[in-house]
Every structure is written in structure tokens, then in C-alpha cells.
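# Breakdown of the fold
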Amino acid sequence: MSGEPQSDCLFCKIVAGEIPATVVRQNERTVAFRDISPQAPTHVLVIPRAHYPNAAALAAAEPALAAELLVEAGEVAADEKIDGAGYRLIFNTGAGAGQTVFHAHVHVLGGTPMREGLV
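Let me sum up the structure you'll find in this document. Fair warning: this is a prediction, and the values are worked out from it, not measured in the lab. (Residues numbered from 1 in each chain as written. Predicted model: local features only at pLDDT ≥ 70, side-chain atom pairs only at ≥ 80, totals over all residues. Heavy atoms only, no water.)

As a further point, take the environment of A85. In this structure, A85 sits in the loop between α3 (63-79) and β4 (87-90). Exposure remark for A85: the relative accessible area of 80% places this residue in the exposed category. (Helix = DSSP H or I, 4+ residues; strand = E, 2+ residues; numbered from the N terminus. Buried < 20%, exposed > 50% of the residue type's maximum accessible area, 1.4 Å probe, protein only.)

Next comes the structure, spelled out in C-alpha cells:
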């Protein structure tokens, strides 16, 4: 069920503290942590604590929480000092788009000039 933790979800397990992650920011509704396979010098994932399978499902069910992910992504960029030079935000929605963990998340990438085709 959307919004409820899923026992087979990697990101739900990170939220629950069952799997370690390098957390860089968190609040009562979101968690931001470093990607274990970074595609840029800064590569942080921002996720809702509530489980939604993808960005579209999250936006449909809780638009304010979807907006909060974007706010937190901007805060991550500021904390990582990549906001001045620019950064990329990516939501992959569905396997065909490259989504591999089916828990809504946004990638924050920066620290190097972005090029076409990155992530």
C-alpha cells in the first residue's frame, strides 16, 4: 500500500535504520543520503520516509510531500556547496527510465560540469 513501509524495499529499510547509509540531511518526512554508486562528485538521493513506488505516485497522493523533496534537494545542494555552480535533479519513474529502487526518490548531482547523458 502506498505510504506504508514495504518489507522488501531497500529505501524503507534505510529509513527504518535496518540498512546503513551516509545520511546528509533528514527531517520528519524526508531523508537524504549519499548514493553508493555516485555518478558525479556529489550524488545524493532525497527520499520521502513514506513509501510511494515512484515520483508520479507520490505527486498524485501527496503533492506537498513531493514539493518538500524538491525543497530538500535544494538544501542538499546548498549544504554541498554546489548550488552556485549548478546541479541536476533527476526523478527516474519506471524501469524503462532507469528506476531500480521502486521508492520515490530524487537524485541531486553536481560538483562537475554536467553533460548530456549523465545518469
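Resuming the write-up.
Take the nonpolar core next. Among the nonpolar cores identified, the biggest contains 16 residues, and V46, Y52, L58, V76 and V108 are the most heavily contacted of them. Counting only elements with at least two residues in this core, the list comes to β3 (42-48), α3 and β5 (106-110). Take this core: its biggest share by element is 6 residues, from α3. With residues near it in sequence (within four places) discarded, V108 still touches T42, H43, V44, V46, A73, V76, I82, Y87, R88 and L89. Grouped together as the second largest cluster of nonpolar side chains are 9 residues, C9, F11, C12 and V101 included. (Core = buried A, V, L, I, M, F, W, Y, C linked by side-chain atoms within 4.5 Å. Contact = heavy atoms within 4.5 Å.)

With that settled, the discussion passes to the pairing of β3. Of all 7 residues in β3, 7 are buried; the element is thus mostly enclosed. Of the two faces of β3, both are covered, the one formed by T42, V44, V46 and P48 as well as the one formed by H43, L45 and I47. The pairing of strand β2 (residues 30-34) with β3 spans 5 bridges and is classified as antiparallel. By the bridge assignment for β3, T30 is matched with P48. (Pairing = 2+ DSSP bridges.)

This part takes up the side chain of N92. Examined against the element boundaries, N92 turns out to sit in the loop between β4 and β5. Leaving out residues up to four positions away in the same chain, N92 has contacts with A97, G98, Q99 and H107.

Together, L70, Y87, L89 and F91 make up a nonpolar patch on the protein surface, roughly 320 Å² of accessible area in all. Here L89 is to be found in strand β4. In this structure L89 comes out as partly exposed when scored by relative accessible area, which is 35%. (Patch = residues over 30% accessible without salt bridge, like charges linked within 9 Å, V, L, I, M, F, W, Y side chains within 5 Å. Areas by Shrake-Rupley, 256 points an atom, 1.4 Å probe, with all protein chains shown as cover. Salt bridge = Lys/Arg side-chain N within 4 Å of Asp/Glu carboxyl O.)

On to the sheet that holds β4. The strand order across the open sheet formed by 5 strands is β1-β2-β3-β5-β4, and the pairing between neighbours is antiparallel. Either end of the sheet is taken by a strand with one partner, and the two such strands are β1 (23-26) and β4. Between one strand axis and the next, the sheet turns by 20 degrees as a mean value, whatever way the strands run. Along the sheet face, α3 touches β1, β2, β3, β4 and β5 and points at about 155 degrees away from the line of β3. (Axes fitted to C-alpha atoms, helices over the stretch in contact; angles between N-to-C directions.)

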